[in-house]
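Understanding the architecture of this molecule
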Amino acid sequence: MVKAVIAGASGGIGQPLSLLMKLCPLVDELSLYDVVNTPGVAADLSHISSTAKITGYLPKDDGGKAAMKDADIIIIPAGIPRCYPTGKPGMTRDDLFKINAGIVKGLIEIAAEVAPKAFILVISNPVNSTVPIAAEVLKAKGVFNAQKLFGVTTLDIVRAETFVAEIAGKKTGSELTVPVIGGHSGETIVPLFSQIAPSGITIPDDKYDALVNRVQFGGDEVVKAKDGAGSATLSMAYAGYRFAEKLLKAVKGEKGLVEPSFVYLPGVPGGKEIAEKTGCDFFSVPIELGPNGAEKATNVLGNITEKEKKLLEACTAGLKDNITKGVTFAHNPP
Ligand code: NAI
């Protein structure tokens, strides 16, 4: 029996993600938690004739604990985005820190208490800082397992795959994969176009910089197009679902499932040398998923190009600060 929780289930990402999880045959029980509207979202989804049993909780009567109790997987898109209604246009992911840091900390504290063995997937931005916060909270509660904590960077991979397919004239879909490593914010996002699979696709020099920029700042395209009314929600729900589904399949024993994710490298097999090389303990690389969660971090840094080395330098410079900010907040919240 698999119990999945979505914390922030009534939001722009939360609702379509809840729909996708409700349709997932790998989920037996789906528990929705938010500070507003979860009874309505749960009632709506409960009329869908898929197998997952659905419940909705609000904070009253310790609803957070009831929602997360004994969960196997907790997905967290709770917090304000870079747009209306809660965020403001022009905000960066880092601007979100002040509010989202506390929200994530609070949710992880509940998870640590009532679902200490759950896989935790953090979507709330800035992921570069909220995942270190989550790790520190779990460490302080004595239940940290690096193989079970994931920052969801899948949207960067999804964008890279889509944009590369457009340039290469290929069909989008599962036909190609593009590793995207580093963090999940602007220059910390490093697409490795030299490692597109299947091999044979080369990004022309005159298109390289624009493509890198589009992957790093793809979220801004959506913010602009929605004209103040939202940031990426539908594509993010898809990306979050893609990662969660892969993880659930891997836990059930399916082999060969790999997806980049932002993890605490020293706690994941194969991760220590990547952490030493980059100077970042939290970093996204392709992760082989399995019954324990993150079974192996893949070192893709061995044969990167000169251009990619430069991107990596810019990435680690910013990422280190983001990580420190998260760790510091977890130990000394205002
Ligand atoms: P939204 O404002 O539409 O939804 C957020 C939801 O969180 C709201 O329903 C709100 O009531 C809920 N919430 C707030 N505090 C809560 C708490 N303490 N407990 C439970 N729920 C709480 O925002 P949206 O667009 O869904 O974005 C959510 C987050 O995801 C933002 O931080 C955004 O920046 C981030 N995001 C991450 C991406 C990624 O690639 N990792 C991509 C796009 C957005």
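Fair warning: this is a prediction, and the values are worked out from it, not measured in the lab.

1. A look at empty space enclosed by the protein
Within this structure, the stated rule accounts for one cavity of 30 Å³ or more. Space inside the largest cavity adds up to approximately 60 Å³. Ala115, Pro116, Ala118, Ile120, Leu138, Val143, Asn145, Lys148 and Leu149 are the residues that line the largest cavity. Its residues placed into classes, the lining of the largest cavity shows seven nonpolar, one polar and one charged.

2. A few points about the nonpolar core
Grouped burial of nonpolar side chains is what soluble globular proteins tend to show. Counting residues in hydrophobic clusters, the biggest one holds 113 residues, and the most contacted among them are Met21, Ile73, Leu121, Phe193 and Phe283. Setting aside residues no more than four positions away along its own chain, Met21 makes contact with Ala4, Ile6, Val27, Leu30, Ile75, Tyr241 and Ala244.

3. Focus: the pairing of strand β10 (residues 282-290)
Two faces make up the sheet, and in a regular strand the side chains alternate between them. β10 sits mainly inside the fold: eight of its nine residues count as buried. Two elements, strand β9 (residues 258-264) and β10, share seven bridges in a ladder whose sense is antiparallel. Of the residues in β10, the one forming a bridge with Val258 is Glu288. As paired strands, β10 and strand β11 (residues 293-297) are joined by four bridges and run antiparallel to one another. Directly across from Glu288, in β11, lies its bridge partner Lys296. Between β10 and β11, which pair antiparallel and follow one another directly, the connecting turn spans two residues.

4. Overview of the pattern of salt bridges
Under the definition given, this model contains twelve salt bridges. With a shortest N-O distance of 3.2 Å, Glu113 and Lys65 are connected by a salt bridge. In this pair, Glu113 sits in helix α4 (residues 97-114) while Lys65 sits in helix α3 (residues 63-68), placing the two residues 48 residues apart along the sequence. Note that Arg242 and Glu161 form a salt bridge whose closest N and O atoms lie 3.0 Å from each other. Taken together, the positions of Arg242 in helix α9 (residues 234-251) and Glu161 in helix α6 (residues 154-168) put the pair 81 residues apart, joining distant regions of the chain. Take Arg242: its relative accessible area is 14%, and that puts it in the buried class. The exposure class assigned to Glu161 is buried, which follows from its relative accessible area of 9%. What you see here is one network of salt bridges that share partners, running through Glu161, Arg242, Lys246 and Glu259.

5. A look at α6
In a regular helix each residue adds 1.5 Å, so 15 residues correspond to 21 Å; α6 covers 21 Å between its end C-alpha atoms and thus fits that length. Among the 15 residues in α6, eleven count as buried, and that is most of the element. Of the residues making up α6, those classed as buried are Thr154, Leu155, Asp156, Ile157, Val158, Arg159, Ala160, Glu161, Phe163, Val164 and Ala165. Of the residues flanking the end of α6, it is Gly169, one or two places downstream, whose phi is positive at about 65°.

6. Regarding the environment of Asp62
For Asp62, the location among the structural elements is in the loop between β3 (53-57) and α3. For Asp62 and Ile110, which are 48 residues apart along the polypeptide, the C-alpha to C-alpha distance reads 9.8 Å.

7. Concerning the pairing of strand β2 (residues 29-33)
When you tally the buried positions in β2, you get four out of five residues, the bulk of the element. Two elements, β2 and β3, share five bridges in a ladder whose sense is parallel. Paired with Ser31 across the two strands is Thr55, which belongs to β3. After leaving β2, the chain enters helix α2 (residues 38-46) and then returns to the sheet as β3, a path that is right-handed.

8. Comments concerning the side chain of Gln195
Relative to the elements of secondary structure, Gln195 occurs in the loop between β8 (189-191) and α7 (205-216). In terms of polar contacts, Gln195 uses its side chain to reach the backbone carbonyl oxygen of Val300, at 2.9 Å. Residues within four places of Gln195 in sequence aside, it is in contact with Thr177, Pro179, Val300, Asn303 and Ile304.

9. Looking at the site of the ligand
The full set close to the ligand counts 29 residues, and Gly12, Ile13, Asp34, Ile80 and His184 are the nearest of them. With respect to the ligand, the backbone of Ile13 contributes an N or O atom lying 2.8 Å from an oxygen atom. Taking 860 Å² as the accessible area of the ligand by itself, protein coverage stands at 87%. Along the lines of polarity and charge, the residues of the shell around the ligand split into 17 nonpolar, eleven polar and one charged.

10. Focus: the confidence of the model for the chain
Low pLDDT means the predicted atomic positions in that stretch should not be read closely. Of all residues in the chain, 96% attain a pLDDT of 70 or more, and the chain-wide mean is 94. Predicted complex metrics record ipTM = 0.99 and pTM = 0.97.

11. What about the packing of aromatic side chains?
Counting across every chain of the model gives six aromatic pairs. Relative to Tyr208, the ring of Phe193 has its centre 6.0 Å away and its plane inclined at 85°; by these criteria the two rings are edge-to-face. Placement of the pair is Phe193 in the loop between β8 and α7 and Tyr208 in helix α7, with a sequence separation of 15 residues. Grouping residues by exposure puts Phe193 and Tyr208 together as buried.

Conventions and cut-offs
- Residues numbered from 1 in each chain as written.
- Predicted model: local features only at pLDDT ≥ 70, side-chain atom pairs only at ≥ 80, totals over all residues.
- Heavy atoms only, no water.
- 1 Å grid on protein atoms, 1.4 Å probe; cavity = no way out; pocket = protein on both sides within 12 Å on 5 of 7 lines; lining within 4 Å.
- Points joined across faces, edges and corners; volume = space filled by probe spheres on them.
- Nonpolar A, V, L, I, M, F, W, Y, C, P; charged D, E, K, R; others polar.
- Core = buried A, V, L, I, M, F, W, Y, C linked by side-chain atoms within 4.5 Å.
- Buried < 20%, exposed > 50% of the residue type's maximum accessible area, 1.4 Å probe, protein only.
- Contact = heavy atoms within 4.5 Å.
- Helix = DSSP H or I, 4+ residues; strand = E, 2+ residues; numbered from the N terminus.
- Pairing = 2+ DSSP bridges.
- Salt bridge = Lys/Arg side-chain N within 4 Å of Asp/Glu carboxyl O.
- Expected span 1.5 Å × (residues − 1).
- Right-handed = clockwise from strand over helix to strand, strands pointing away.
- Polar contact = N/O pair within 3.5 Å; in protein donor to acceptor, adjacent residues only side chain to side chain.
- Near = heavy atom within 4 Å.
- Areas by Shrake-Rupley, 256 points an atom, 1.4 Å probe, with all protein chains shown as cover.
- pLDDT = per-residue confidence, 0-100.
- Phe/Tyr/Trp six-rings, centres within 6.5 Å; stacked < 30°, edge-to-face > 60°.

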